[in-house]
Amino acid sequence: MVENDLEKNCSPLERSQWVLNSPEPPGLGLELMDTVKETISSCRKNYSSLKTQPFAKRMISIFQGLFPILVWSRNYRATKFKNDLLAGLTIASLCIPQSIGYATLAKLDPQYGLYTSVVPPLIYAVMGTSRHIAIGPVAVVSLLLPSMIQKLVDPAANPVAYTKLVLTATFFAGIFQAAFGFFRLGFLVDFLSHAAIVGFMAGAAIIIGLQQLKGLLGITHFTNKTDIISVMKAVWGSVHHSWSPYNFILGCSFLSFILITRFLGKRKKKLFWLPAIAPLFSVILSTLIVFLARADEHGIKIVKHIKGGLNPSSVHELQFNSPFVGEVVKVGLIVAVVALTEAIAVGRSFASMKGYHLDGNKEMVAMGFMNIVGSCTSCYVATGSFSRTAVNFSAGCETLVSNIVMAITVLVSLELFTKLLYYTPTAILASIILSALPGLIDLSAAYHIWKVDKLDFLACAGAFFGVIFASVEIGLTVAVTISFAKIVLLSIRPGTEALGKLPGTSIFCDIQQYPMAIQIPGVMIIRVKSALLCFANASFVRERIMNWVSEDIEGDAKRTIQLLVLDMSNLINIDTSGIASLEEMHKSLVSQGIELAIANPKWQVIHKLKL
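Definitions and limits used
- Residues numbered from 1 in each chain as written.
- Predicted model: local features only at pLDDT ≥ 70, side-chain atom pairs only at ≥ 80, totals over all residues.
- Heavy atoms only, no water.
- Helix = DSSP H or I, 4+ residues; strand = E, 2+ residues; numbered from the N terminus.
- Buried < 20%, exposed > 50% of the residue type's maximum accessible area, 1.4 Å probe, protein only.
- Contact = heavy atoms within 4.5 Å.
- Areas by Shrake-Rupley, 256 points an atom, 1.4 Å probe, with all protein chains shown as cover.
- Pairing = 2+ DSSP bridges.
- Axes fitted to C-alpha atoms, helices over the stretch in contact; angles between N-to-C directions.
- Core = buried A, V, L, I, M, F, W, Y, C linked by side-chain atoms within 4.5 Å.
- 1 Å grid on protein atoms, 1.4 Å probe; cavity = no way out; pocket = protein on both sides within 12 Å on 5 of 7 lines; lining within 4 Å.
- Points joined across faces, edges and corners; volume = space filled by probe spheres on them.
- Salt bridge = Lys/Arg side-chain N within 4 Å of Asp/Glu carboxyl O.
- Parallel < 35°, antiparallel > 145°, perpendicular 65-115°, else oblique.
- Left-handed = near helix turned anticlockwise from the far one by under 90°.
- Nonpolar A, V, L, I, M, F, W, Y, C, P; charged D, E, K, R; others polar.
- Phe/Tyr/Trp six-rings, centres within 6.5 Å; stacked < 30°, edge-to-face > 60°.
- Lys NZ or Arg CZ within 6 Å of the ring centre and 35° of its normal.
- Disulfide = S-S within 2.5 Å.
- Expected span 1.5 Å × (residues − 1).

What the chain contains, in helices and strands, is 26 helices and 9 strands. Taken over 611 residues, the chain has a buried fraction of 48%. Counting only contacts in the chain whose residues sit at least 6 apart along the sequence, the fraction spanning at least 24 positions is 81%. When the accessible surface of the chain is summed, it comes to about 30700 Å², and 65% of that surface belongs to carbon and sulfur atoms.

Written out as structure tokens, the structure is:
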């Protein structure tokens, strides 16, 4: 009743005073303080709730927050373990050959790929929140690390120093990832837009594929550069030197076999295990063929010695006093962002399928800790693998126990079976990596980006061509630069729209989008489609509005505009340049006999206009 009386008794003049006499909005300093207070109060609230509990329960709550496994393991049943065991063994059969291949792609000894499939999955299983993600080395990160670190140290000339820098970069990547989670800086990952990731992944897939020509053709001397021109020059140059066609025949034969099994697995869901075990079967069979036929004596390149045993400590190998430490920190930051982007994208896609929430900050902390610990146990950067996660999901994985099963299986293989891999041909490792690359190229996503937003597609194309023709980091830089340029362009050239009233309603809409909207005689309503009216766009907006007015008058000689209403419902803030442009526009309109009115001003805007 009181509300109805207030609406009836208040005049339009009194209502305008509500806007003009609103309290002073909080300043920048106060807003920053409020943000800090919110963070502290949430922590204090958690602490106060813990404070009332007995010491034992308090410690349990703290550990449950840090280690989600303590929460979900209470409801763990034997039926779930059966599914996790099958899923873990299935992804282990895919993980072992892939890990060896990705280590060679990262220009590391093969055992480092296997080490990376042991410790990081175990750490993530304890701290992570995704139920289905499969942790380990991935192709893009395995390409990214050598593309930047080999500029500092040549992996062929000094493999020990190179390995130490890779482990140090892994440590810094873990530090950055954990910091992003602790300080809630996940928005930094969003600087790599979806379009940039699509282009970057496609470009990286092509570069990785070209890099595998070394193993597939059995080339001894190959370029360290990653751009397509250098790689093709190296391949063309090696054709005129001695190379064995047996490597190519063997690699292509098993590549065809792996791709056929993948096709069958997609056609028949019950055969999900077939493409999962195909790489391991290829490794076993090709190793037997080479061993029995002594094919290594006829030009077939083999892996030779793979160091077995538990992950050795690598704390003493971290190079904090290296002259390259500044560059290594930069490498760590770039790899941290790329690895997080891939892992969170993979985790969220499968979490949405199963309808559970993925805690982004906890994910970053888990990824960070697993890479910090990994760098101290001879592992390079690990993250979520899309191909292995898809297999894990298809195999009926229930929880992160599948990662534990996978890690234990790889550990057993390190202890018992590495000597059996001596005769494994490098062409098979190349074919396994090549078989995983089609999943990185998403043509339908690129086409969708083209249809929806041409500027987004430009960022996608920039990342793609930058990676292919220059380098991985240049491709990322181009993509991020184009994305920022898009934001700046939209900010400095915001749109304006004339509004009209929809018949039979009190709704005002864009007259171009809704041609049936009716303009009020003598009144022109224009909405500014920008959140900020500032030095960068104030002159542009003023000119657009004045053009609207002059075009409307010239287009309809009978129409006389007496009032221009500026709808500021989208405008969140304004600076001195914006205020000056409004004053200039007001003077220009008054000289033409047109009044200016402002509608729906936000708190910050009306406060600054009053000053």
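A few words now on the sheet that holds strand 3 (residues 495–501). Strand order in the open sheet formed by 5 strands is 4-3-5-7-9, with mixed pairing between adjacent strands. Either end of the sheet is taken by a strand with one partner, and the two such strands are strand 4 (508–510) and strand 9 (595–599). Geometrically, the sheet is characterised by an average inter-axis angle of 35° between neighbouring strands, direction not taken into account. Bridge count for strand 3 against strand 4 is 3 bridges, and the pairing is antiparallel. Across the sheet, Lys501 pairs through a bridge with Phe508, a residue of strand 4.

Quick look at the pairing of strand 3 now. Each regular strand carries side chains that alternate between the two faces of the sheet. The element strand 3 is extensively covered by neighbouring structure, given that 5 of its 7 residues are classed as buried. Bridge count between strand 3 and strand 5 (residues 523–529): 5 bridges; the pairing is antiparallel. Residue pairing across strands places Leu499 opposite Ile525, the latter belonging to strand 5. Counted along the chain from strand 3 to the antiparallel partner strand 4, the turn is 6 residues long, and its residue Gly504 has a positive phi close to 80°.

This part takes up the nonpolar core. One recurring pattern in soluble globular proteins: nonpolar side chains tend to sit buried together. The biggest cluster of nonpolar side chains holds 107 residues, and the ones touching the most others in it are Tyr124, Ile133, Leu145, Ile149, Phe200, Val335 and Met367. In terms of residue count, helix 16 (residues 325–354) provides more of this core than any other element does, 12 residues in total. Each residue touching Leu145, except ones within four places of it in the same chain, is listed here: Tyr162, Val166, Ala169, Val331, Val335, Tyr380 and Val381. In this structure, Val528, Ile545, Trp548 and Ile594 belong to the second largest nonpolar core, which totals 23 residues.

Below, the discussion takes up the layout of surface pockets. Estimates place the volume of the second largest pocket at around 1200 Å³. Contributing to the lining of the second largest pocket are 35 residues, with Thr104, Lys107, Leu108, Lys214 and Thr426 lying nearest its centre. Counting residues per element, the ones that place at least two in the lining of the second largest pocket are helix 6 (78–105), helix 7 (110–115), helix 10 (159–182), helix 12 (213–217) and helix 20 (426–436). The element best represented in the lining of the second largest pocket is helix 10, accounting for 4 residues.

Attention now moves to the pattern of salt bridges. Summed over all chains, the structure comprises 8 salt bridges. Lys486 serves as the salt-bridge partner of Asp453, at 3.0 Å between the closest nitrogen and oxygen. Taken together, the residues Asp453 in the loop between helix 21 (443–452) and helix 22 (454–469) and Lys486 in helix 23 (residues 472–492) connect sequence positions 33 residues apart. Using a relative accessible area of 19% as the deciding quantity, one classes Lys486 as buried. Put simply, Asp567 and Arg527 hold a salt bridge, and the shortest N to O gap is 3.1 Å. Of this pair, Asp567 sits in strand 7 (residues 563–567) while Arg527 sits in strand 5, and the two are 40 residues apart along the sequence. Since its relative accessible area comes to 6%, Asp567 is described here as buried. Counted as one network, the salt bridges with shared partners bring together Glu497, Arg527, Lys529 and Asp567.

Turning next to the pairing of strand 5. Burial runs high along strand 5: 6 of the 7 residues are buried. Bridge analysis of strand 5 against strand 7 gives 5 bridges, and the strand direction is parallel. Bridged to Ile526 within strand 7 is Leu566.

Turning our attention to unusual backbone geometry. In the Ramachandran plot, Lys107 falls in the positive-phi region, its phi being about 60° despite a non-glycine side chain. On the accessibility criterion, Lys107 (26% relative accessible area) is partly exposed. Not every positive phi belongs to a glycine, and Lys304 is a case in point at roughly 70°. For Lys304, the location among the structural elements is in the loop between helix 15 (273–293) and helix 16. On the basis of relative accessible area, Lys304 is assigned to the partly exposed category, the value being 46%.

Moving on to the packing of helix 16 against helix 17 (residues 360–375). Taken N-terminus to C-terminus, the directions of helix 16 and helix 17 make an angle of 130°; their axes are 11 Å apart at the nearest point. When the axes of helix 16 and helix 17 are compared, the pair comes out oblique. The interaxial crossing formed by helix 16 with helix 17 has right-handed handedness. Note on element contacts: helix 17 touches helix 16 through Gly360, Met364 and Met367, opposite Leu340, Ala343, Ile344 and Arg348. Residue classes in the contact of helix 16 with helix 17 are distributed as 5 nonpolar, 1 polar and 1 charged.

This paragraph deals with the packing of aromatic side chains. To describe a pair of aromatic rings, one takes the distance between the centres and the angle between the planes. Taken as a whole and judged by the stated rule, the model has 16 aromatic pairs. Members of the aromatic cluster, joined through ring pairs, are Phe171, Phe172 and Phe320. The ring of Tyr356 has Arg131 sitting right over it, with the charged end atom 4.1 Å from the ring centre. Positioned above the aromatic ring of Trp450 is the side chain of Lys454, whose terminal nitrogen or guanidinium carbon lies 4.6 Å from the ring centre.

The tally for this structure, following the rule as stated, stands at 0 disulfides. Residue Cys376 stays outside any disulfide, its sulfur separated by 9.6 Å from that of Cys379, the closest cysteine.

Let us look at helix 22. The end-to-end C-alpha separation of helix 22 is 22 Å, in line with the 22 Å expected for 16 residues at 1.5 Å each. For helix 22, the complete set of buried residues consists of Ala459, Cys460, Ala461, Gly462, Ala463, Gly466, Val467 and Ile468. Turning to helix 22, the residues buried within the fold contact helix 11 (194–211), helix 13 (228–239) and helix 23.

Functional significance is not addressed by these values, which are geometric in nature.
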